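Analysis of the macromolecular model
Each chain, letter by letter, is given below.
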Amino acid sequence: MEMPLKILMLEDNESDAMMIQHQLTKAGINYTYRLMMTREAYEKALLEFEPDLVLSDNAMPQFSASEALAILQQMQIHIPFILVTGTVSEEFAAGIIKAGADDYLLKDRLIRLPNAIEAALKQKQFEKQQLQDQEQLRLSEEKYRTLVEQASDGIFIADETGKFIIVNSSGCKMSGYTLDELQTRTIYDLVEPESLKKIPFNFQEMMMPQGASSHRQMLRKNGQLVHVEINAKFLSDKRFIAFVRDIGERIIAQDEIRQTNEKLRELTAHLINVREEERKRIGREIHDELGQQLTAIKMDVSWIHKKIPSDAYEPIQAKLKNIITLLDGSNQSIRRILSELRPGVLDDNGLIEALEWQNRQFATTTGIAIHFETTEKELKLPEQAATCIFRVYQEALTNIIRHADATRVNTALKKDNGNVVVTIEDNGKGFDTKKRESKKSFGILGIKERVHAQGGELFITSAPGKGTKMEIRLFY
Ligand SMILES: Nc1ncnc2c1ncn2[C@@H]1O[C@H](COP(=O)(O)OP(=O)(O)OP(=O)(O)O)[C@@H](O)[C@H]1O
Ligand SMILES: [Mg+2]
């Protein structure tokens, strides 16, 4: 059920009050009321009764309608105030309406009262709504201002000619101008004409819902240029807003990272070469020094063995035989160490034979024969390229032994438009190439670096359960 309308009546004449009530009842208004005559009672009732409406007689013995209206306003109570009076001058009526009363009517025209009440209530409701809307607007403006002001990005709002209207303090700091200075300038004052020719403002894209992003250099007041990232967009009122981020430090950092990476690459390539040279040198020394000496020792010992008469002291015979067996063993060890350091076949017989030799080693260790296809009988490659292919091939086969669980391995070396293409493919368990490599895995990383140092390309195709294929391409 609708709540009864709470009416506060200021009236000293009982029969007038009854007349008013009669009129309200007759109009079917659901209401409840309090009748007051003095200021104290009125003030108390405003707080305790919390009326929806005040109907006030003009002149009571101790109190007047003008005073009652003033009290209502002082207490900031926004309810309709209607003057209901016997006789009143036009002047007084105009005066009290001006002072804020919502309506006035004469007691002998009370028939108009219900309509007057309805109209005044509606008007007050409307005013109240307006006040609330304004407050809402004020709060959201305040929130928006704080956001804009506190943002670490520069925020620039300009009109459709590009003239700045609002710029937050980050924007002022970034550009070096004060807000007043910016408000007399346009977006064109913050870019060099030359760079504007190269990268014009893309107004078309700024009209799109997602706006336009660009990288450019902002021209500061002191002539300095700052690298900035801009996201700009037109607002519905044709003004446009730009969020501007200073990325100078980011660019410097990126540049440093790029340079460091470059240096690391060079260093790695250098270390790979040094290591290869070192292996060659050690190999040569072992071969030339140790190998020669062992051969000489073996010849001498064999000579002694032959010269000793067959009826000589038996334990000496046995010792000499033992020394010869040990020397043969040492020779074999030396050969194995040498081929692990760097297979001589690579330097002596070329890459193809070295790969075939590697295939035989693989078959001996795993029992799996490699199907090796090649279009080349003899391939003349620069030494570093041949070493690169050989080492990559070795690492790929080692990975197959260690991780693949494969039953078949196909490899190939072909020439394609003068490029050398090597593939190594297994039918093993494969792996997810997108997963980050473990911190302790350097095999594939090393392969990448070796291939990169030769200016070549590497492709690895693999997926769990799908085997692995590695392809290297060196350009000539
Ligand atoms: N042929 C393959 N079959 C299945 N998994 C492979 C194959 N080759 C590489 N992987 C996977 O890729 C990972 C990275 O290989 P990578 O050669 O870089 O490192 P690693 O062999 O683990 O260690 P190392 O640094 O000793 O070479 C391996 O740990 C393995 O999980
Ligand atoms: Mg490995």
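Residues numbered from 1 in each chain as written. Chains lettered and ligands numbered in written order. Predicted model: local features only at pLDDT ≥ 70, side-chain atom pairs only at ≥ 80, totals over all residues.

Digging into the overall build of the chain
Going by this rule: Segments assigned H or I by DSSP are reported as helices when at least four residues long, segments assigned E as strands when at least two residues long, and all are numbered from the N terminus. Our radius of gyration looks at C-alpha atoms and nothing else; its globule reference is 2.2 Å times the residue count to the power 0.38. Remark: C-beta atoms are placed from the backbone, and a residue is labelled buried if 20 or more other C-beta atoms sit within 10 Å of its own, exposed if 12 or fewer do, or partly exposed between those counts. Whether two residues are in contact is decided by their C-beta atoms, placed from the backbone, lying within 7 Å.
Broken down by element type, the chain carries 15 helices and 15 strands. Radius of gyration (C-alpha) of the chain: 50 Å, far over the 23 Å computed for a compact globule of 476 residues. Across the 476 residues in the chain, those meeting the buried criterion constitute 20%. For the chain, the share of sequence-separated contacts (at least 6 apart) that also reach a separation of at least 24 residues comes to 60%.

Describing the site of ligand 1
Our working definition: Only the C-beta atom matters for nearness: placed from the backbone, it must lie within 6 Å of the molecule or strand for the residue to count as near. Note on residue categories: nonpolar means Ala, Val, Leu, Ile, Met, Phe, Trp, Tyr, Cys or Pro, charged means Asp, Glu, Lys or Arg, and polar means any other residue, Gly included.
Of all residues adjacent to ligand 1, which total 17 residues, the nearest are N399, A404, S441, G443 and I444. When residues of the shell around ligand 1 are traced back to their parent elements, those giving at least two are helix 14 (383–404) and helix 15 (443–453). It is helix 14 that contributes the most residues to the shell around ligand 1, 5 residues altogether. Class assignment for the residues of the shell around ligand 1 results in 6 nonpolar, 7 polar and 4 charged.

A short note on the sheet that holds strand 12 (residues 409–416)
Our working rule: Two strands pair if DSSP finds at least two bridges between them. To get an axis, fit a line to the C-alpha atoms, keeping to the stretch in contact for a helix; angles then go from 0 to 180 degrees between the N-to-C directions.
As summarised here, the arrangement of the 5 strands in space is 11-12-13-15-14, forming an open sheet in which the pairing is mixed. Strand pairing shows two members of the sheet lacking a second neighbour, strand 11 (370–374) and strand 14 (457–462), which therefore form its edges. Across the sheet, the mean angle separating the axes of adjacent strands is 10 degrees when strand polarity is ignored. As judged from the 8 bridges shared by strand 12 and strand 13 (residues 419–426), these two strands associate in the antiparallel manner. What sits directly across from K414, in strand 13, is V421. Its contacts with the sheet put helix 13 (residues 351–366) on strand 11 and strand 12, and the angle it makes with strand 11 is roughly 170 degrees.

Here's the deal with the domain arrangement of the chain
How we decide: Here the bounds of each domain stem from an automatic or database domain assignment.
As assigned here, the chain comprises domain 1 (5–141), domain 2 (151–246), domain 3 (250–342) and domain 4 (350–474). Distance between the C-alpha centres of domain 1 and domain 2: 56 Å.

Here's the deal with the nonpolar core
Filter applied, for reference: Among buried residues, those of type Ala, Val, Leu, Ile, Met, Phe, Trp, Tyr and Cys that are joined through C-beta atoms within 7 Å form a set called a nonpolar core.
Within the largest apolar cluster, 26 residues are counted, with the highest numbers of intra-cluster contacts made by M9, L10, V54, L55, A68, I82 and L83. The set of elements that each furnish at least two residues to this core consists of strand 1 (5–10), helix 1 (14–26), helix 2 (39–48), strand 3 (53–56), helix 3 (65–74), strand 4 (81–85) and helix 5 (113–150). The contacts of L83, once residues within four sequence positions are left out, are S56, N58, A65, I96, A101 and Y104. Counting 25 residues, the second largest nonpolar core, distinct from the first, contains L346, A354, L397 and L474.

Examining the environment of S56
Considering the arrangement of structural elements, one finds S56 in strand 3. Once the C-alpha coordinates of S56 and L35 are considered, the two residues, 21 residues apart in sequence, prove to be 10.0 Å apart.

Some details on the pairing of strand 9 (residues 225–234)
A regular strand places its side chains so that they alternate between the two faces of the sheet. Note: strand 8 (residues 212–219) against strand 9, 8 bridges, orientation antiparallel. Bridged to L219 within strand 9 is L225. The hairpin turn running from strand 8 into strand 9, its antiparallel successor, is 5 residues long, and G223 in that turn takes a positive phi close to 90 degrees. By the bridge criterion, 7 bridges tie strand 9 to strand 10 (residues 240–246) in an arrangement that is antiparallel.

A look at unusual backbone geometry
One non-glycine residue, E50, adopts positive backbone phi at about 50 degrees. Locating E50 in the fold gives a position in the loop between helix 2 and strand 3. In this structure E50 comes out as exposed when scored by C-beta crowding, with 11 C-beta atoms within 10 Å. Residues other than glycine seldom take positive phi values, yet Q76 does so here, at roughly 55 degrees. With respect to the helices and strands, the residue Q76 is situated in the loop between helix 3 and strand 4.

Quick look at the sheet that holds strand 8
Judged by pairing direction, the sheet is antiparallel, and its 5 strands sit side by side in the order 7-6-10-9-8 without closing on themselves. At either end of the open sheet lies a strand with only one pairing partner, and these are strand 7 (164–167) and strand 8. Strand-to-strand, the axes of this sheet are offset by a mean angle of 30 degrees, without reference to chain direction. In this sheet, strand 10 lies alongside strand 6 (residues 154–158) in antiparallel orientation, the contact comprising 5 bridges. Residue pairing in the sheet places F156 in a bridge with A242 of strand 10.

A word on the pairing of strand 6
Taking every second residue as pointing to the same face, the buried face of strand 6 carries G154, F156 and A158, while none of I155 and I157 on the other face is buried. Here strand 6 pairs with strand 7 via 3 bridges, running antiparallel. The partner of I157 across the bridge, within strand 7, is I166. Here strand 6 hands over to strand 7 after 5 residues, with G162 in that stretch at a positive phi of 95 degrees.

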